[in-house]
Amino acid sequence: ETGVTQTPRHLVMGMTNKKSLKCEQHLGHNAMYWYKQSAKKPLELMFVYSLEERVENNSVPSRFSPECPNSSHLFLHLHTLQPEDSALYLCASSQGWTGLRAFFGQGTRLTVV
Amino acid sequence: GENVEQHPSTLSVQEGDSAVIKCTYSDSASNYFPWYKQELGKGPQLIIDIRSNVGEKKDQRIAVTLNKTAKHFSLHITETQPEDSAVYFCAAVDTGTASKLTFGTGTRLQVTL
């Protein structure tokens, strides 16, 4: 069982669709993150949740909506995305919300058509 | 905020040779510096990290050095093997504040036979 599990691994969606990405961590961490990874760009932090409370929202468009129902699960709800939103979306978790010894999931490769 | 620059963007070495990847950071308050390895189709994996109270840390064939005065840190891989081929990311953060991990743009390492 991997420490941080993301589903689905691949997702193709139209611009009018609504979909959700799921992340689950089995490490007992109290902070979870969503990152966006695009080609030739640094990892971009999108959201941080600490103890199920959102502590950071890095100016992410409202078409991305996170949800953290408990300290083990994190969702990213997607709606009316744009082609430029196509990227690898990575979930991570750590103990404490500064990213110390953060563990990443395998990512969801999202393609918006 | 923190800014992390990473060089080179690509690096090709022969099997058995050493590889060195360098990063510089801008925030003198940063005190935690992890290195991640990302293989194709996978999420980043923490391979080694160093805190600002030490100058060097080693784990088998991997070592990290930190120069706080110059604000740069480096990853050293000795006796490289084909399975070391991956993209490597450095990062920096000040764990004493509300700041988050800032990543470099990555180095693609290719180990050739």
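Now for a quick tour of the structure. Computed from a prediction, not measured in an experiment: that's the story for all the values here.

1. Re the nonpolar core
It is characteristic of soluble globular proteins that their nonpolar side chains tend to be buried jointly.
And step 1. By size, the foremost hydrophobic cluster in this structure holds 24 residues, and its most contacted members are W35(B), F73(B), L75(B), Y88(B) and L109(B).
And step 2. Y88(B) has contacts with Q6(B), I21(B), Y36(B), K37(B), I47(B), L75(B), I77(B), G106(B), T107(B) and L109(B), leaving out every residue within four places of it along the chain.

2. With respect to the pattern of salt bridges
And step 1. Considering all chains together, one arrives at five salt bridges over all chains under this definition.
And step 2. For the salt bridge of R63(A) with D85(A), the shortest nitrogen-to-oxygen distance reads 2.7 Å. You can see R63(A) sitting in the loop between β6 (53-57) and β7 (64-70) and its partner D85(A) sitting in the loop between β8 (73-79) and β9 (87-94), a full 22 residues away along the chain.
And step 3. For K57(B), the salt bridge goes to D49(B), with nearest N and O atoms at 3.0 Å.

3. A short note on the interface of chain A and chain B
And step 1. With 19 residues of chain A at the contact, the number on the chain B side is 21 residues.
And step 2. The largest share of the area that chain A buries against chain B comes from T98(A), L100(A) and R101(A), three residues that together contribute 31% of it.
And step 3. Applying the counting rule to chain A against chain B returns one salt bridge.
And step 4. Put simply, D49(B) and R101(A) hold a salt bridge, and the shortest N to O gap is 2.6 Å.
And step 5. In this structure, the connection of chain A to chain B is made through six residue pairs in polar contact (both at pLDDT 80 or more).

4. A closer look at the pairing of strand β2 (residues 10-14) of chain B
Residues and elements named next belong to chain B.
And step 1. The alternating pattern of β2 places L11 and V13 on a buried face, while none of T10, S12 and Q14, on the opposite face, is buried.
And step 2. Direction of pairing for β2 relative to strand β11 (residues 107-112): parallel, over a ladder of five bridges. By the bridge assignment, Q14 is partnered in β11 with T112.

5. Structural notes on the environment of E5(B)
Residues and elements named next belong to chain B.
And step 1. Secondary-structure assignment places E5 in strand β1 (residues 4-7).
And step 2. As a C-alpha pair, E5 and L75 span 70 residues in sequence and 13 Å in three-dimensional space.
And step 3. The contact partners of E5, leaving out residues within four places of it in the chain, are K22, C23 and T24.

6. Re the layout of surface pockets
And step 1. Taken as a whole, the largest pocket spans an internal volume of roughly 700 Å³.
And step 2. Lining the largest pocket are 28 residues, and of these Q37(A), Q38(B), V87(B), F89(B) and R108(B) sit closest to its centre.
And step 3. For the lining of the largest pocket, the secondary structure elements donating two or more residues are β9 (86-92) and β11 of chain B.
And step 4. Top element by residues in the lining of the largest pocket is β11(B). It accounts for four residues.
And step 5. Residues of the lining of the largest pocket, tallied by class, amount to seven nonpolar, 14 polar and seven charged.
And step 6. Of the pockets and cavities examined, the second largest pocket occupies roughly 260 Å³.
And step 7. Of all the secondary structure elements, the ones that give two or more residues to the lining of the second largest pocket are β10 (103-104) of chain A together with β5 (45-51) of chain B.
And step 8. The class makeup of the residues in the lining of the second largest pocket is six nonpolar, six polar and three charged.

About the thresholds
Residues numbered from 1 in each chain as written. Chains lettered and ligands numbered in written order. Predicted model: local features only at pLDDT ≥ 70, side-chain atom pairs only at ≥ 80, totals over all residues. Heavy atoms only, no water. Core = buried A, V, L, I, M, F, W, Y, C linked by side-chain atoms within 4.5 Å. Buried < 20%, exposed > 50% of the residue type's maximum accessible area, 1.4 Å probe, protein only. Contact = heavy atoms within 4.5 Å. Salt bridge = Lys/Arg side-chain N within 4 Å of Asp/Glu carboxyl O. Helix = DSSP H or I, 4+ residues; strand = E, 2+ residues; numbered from the N terminus. Buried area = accessible area lost by both parts, 1.4 Å probe. Polar contact = N/O pair within 3.5 Å; in protein donor to acceptor, adjacent residues only side chain to side chain. Pairing = 2+ DSSP bridges. 1 Å grid on protein atoms, 1.4 Å probe; cavity = no way out; pocket = protein on both sides within 12 Å on 5 of 7 lines; lining within 4 Å. Points joined across faces, edges and corners; volume = space filled by probe spheres on them. Nonpolar A, V, L, I, M, F, W, Y, C, P; charged D, E, K, R; others polar.

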